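Okay, here's what each chain looks like letter by letter:
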There are 2 protein chains.
Amino acid sequence: MRKSIALDMDEVIANVTPKFLDIYEKHYGKRLSKADYWGKKIYQIEGAMNIRETLHEKGFFRDLPIMEGSQEGVRKLMEDYEVYITTAAQEFKYSLEDKYDWLQEHFPFIHWKQFVFCGDKSILGMDYMIDDHVHNLQTFRGKGLLFSASHNIHETEFTRVNNWAEVLAFFANEKT
Amino acid sequence: MRKSIALDMDEVIANVTPKFLDIYEKHYGKRLSKADYWGKKIYQIEGAMNIRETLHEKGFFRDLPIMEGSQEGVRKLMEDYEVYITTAAQEFKYSLEDKYDWLQEHFPFIHWKQFVFCGDKSILGMDYMIDDHVHNLQTFRGKGLLFSASHNIHETEFTRVNNWAEVLAFFANEKT
């Protein structure tokens, strides 16, 4: 039986940062530099917590840019693994259809049978997980890979992958 | 740690049959009796396959009646178990929001963190599963309970529960 991978969406195949930079600029009239939000999420910047509310709006997750290298990366992983898209979508009702449509548009080669929209990832039984949140990896029983994002740069508990080239290098190494 | 239950929606907590009886009657001008659809799904009746398409319509899953005894039953199970609502929703895009709203209306005591909308239930790692589909129980690694529905009455592979009273009786027995 082929091994399976639980692959996160936001900050792993969908790039949320550019959208939050736009929203921040619209609200506060300032374009943030990397130094401003390094080590945290953009809405964790002092005084900016209210922009997290935009996650509840219809359409937020529909037009996110694709993370660089992720389409080719997922295709490559699918040659050897069962790849599931596992996203903690349930906090945001409107994200459900938006994420579904986004996946159908940008990753049409992934069957809907492989989509898992959940609230708590501790229930997942895959062999590997690729995620930007340490709390998801901490409750996972398989091998967890931490995909680098501004908010997790200080974490050292898990194997880190900085980009999709490093994801593929990790799995190439697993085969040998 | 408390044990966990993967609880299906359709035909277990949501009653799909009355809706399909109405749709069949609207299309074919005949109110079906139990004998007409016993041993199958209503849309598996000869010539009626096209009414399965209504599952893709916005709203189909929004106004289903509640399965008798399921609200009290779920409340009772939640005293001793982590109950997850696990539904193979992904074939039907519009079911995602409809099911979300239905759960919020009829089971507001279940947190969204406990909702799992997936395509393929083989990825679930709970201890128990309550489901009306044998194919979901067959790929499940925990203990599976088959909730009786017209289409599964001839199945003998799994422990059968005919209604919510029998679900509760089964779990009462697990504690002793």
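Residues numbered from 1 in each chain as written. Chains lettered and ligands numbered in written order. Predicted model: local features only at pLDDT ≥ 70, side-chain atom pairs only at ≥ 80, totals over all residues.

J.: Any chance you could break down the overall build of chain A for me, citing the residues and the numbers?
T.: In terms of helices and strands, chain A carries 6 helices and 6 strands. Put simply, chain A runs from its N terminus to its C terminus through helices and strands in the order β-α-α-α-β-α-β-β-α-β-β-α. Expressed along its principal axes, the backbone C-alpha trace of chain A runs to roughly 50 × 35 × 30 Å. Counting only residues that meet the buried cut, chain A has 38% of its 176 residues in that class. Of the contacts formed within chain A by residues at least 6 apart in sequence, a portion of 64% connects residues at least 24 apart. (Helix = DSSP H or I, 4+ residues; strand = E, 2+ residues; numbered from the N terminus. Buried ≥ 20, exposed ≤ 12 C-beta atoms within 10 Å, placed from the backbone. Contact = placed C-beta atoms within 7 Å.)

J.: Before we move on, could you go through the environment of Gln90(B) and cite the residues and values that matter?
T.: Checked against the element boundaries, Gln90(B) lands in the loop between strand 2 (82-88) and helix 4 (95-106). Note on Gln90(B): 23 C-beta atoms within 10 Å, which makes it buried. Placed 73 residues apart in sequence, Gln90(B) and Thr17(B) show a C-alpha to C-alpha distance of 20 Å. Residues contacting Gln90(B), with those up to four places away along its chain left out, are Trp112(A), Lys113(A), Phe115(A), Phe117(B), Cys118(B) and Gly119(B).

J.: So what's going on with the interface of chain A and chain B? Residues and values would help.
T.: Taken together, the contact between chain A and chain B spans 20 residues of the former and 20 residues of the latter. Elements supplying a minimum of two residues to the side of chain A that touches chain B: helix 4 (95-106) and strand 3 (115-118) of chain A. Per-element tally for the side of chain A that touches chain B: the top contributor is strand 3 of chain A, with 4 residues. Taken together, the residues of the side of chain A that touches chain B sort by class into 11 nonpolar, 4 polar and 5 charged. By the bridge criterion, 3 bridges tie strand 3 of chain A to strand 3 (residues 115-118) of chain B in an arrangement that is antiparallel. Looking at strand 3 of chain B, one finds that Val116(A) is bridged to Cys118(B). (Nonpolar A, V, L, I, M, F, W, Y, C, P; charged D, E, K, R; others polar. Pairing = 2+ DSSP bridges.)

J.: Got a sec to walk through the relation of the copies chain A and chain B? Specific residues and values, please.
T.: The transform that puts chain A on chain B rotates by 180 degrees and translates by 0.0 Å along the axis, for an RMSD of 0.0 Å. Taken together, the turn and the small shift mark the pair as related by a two-fold rotation axis. A high fraction, 100%, of the interface residues of chain A reappear at the interface in chain B, so the copies pair face to face through one surface. (Least-squares fit on C-alpha atoms with pLDDT ≥ 70 in both.)

J.: Give a detailed account of the packing of helix 4 of chain A against helix 4 of chain B, specifying residues and quantitative values.
T.: Running from amino to carboxyl end, helix 4 of chain A crosses helix 4 of chain B at an angle of 160 degrees, the nearest separation of the two axes being 8 Å. As the angle between them shows, helix 4 of chain A and helix 4 of chain B are arranged roughly antiparallel. You can see that helix 4 of chain A and helix 4 of chain B cross each other, and the crossing is right-handed. Along its contact with helix 4 of chain A, which presents Leu96(A), Glu97(A) and Tyr100(A), the element helix 4 of chain B presents Leu96(B), Glu97(B) and Tyr100(B). Residues belonging to the contact of helix 4 of chain A with helix 4 of chain B are distributed by class as follows: 4 nonpolar, no polar and 2 charged. (Axes fitted to C-alpha atoms, helices over the stretch in contact; angles between N-to-C directions. Parallel < 35°, antiparallel > 145°, perpendicular 65-115°, else oblique. Left-handed = near helix turned anticlockwise from the far one by under 90°.)

J.: Can you lay out the domain arrangement of chain A for me, pointing to particular residues and giving the numbers?
T.: Residues and elements named next belong to chain A. Along its sequence, chain A is carved into domain 1 (4-15 + 64-175) and domain 2 (17-56). Placing the centre of domain 1 and that of domain 2 at their C-alpha centroids yields a distance of 23 Å. Grouping the amino acids of the side of domain 1 that touches domain 2 by side-chain chemistry returns 5 nonpolar, 4 polar and no charged. (Domains from an automatic or database assignment.)

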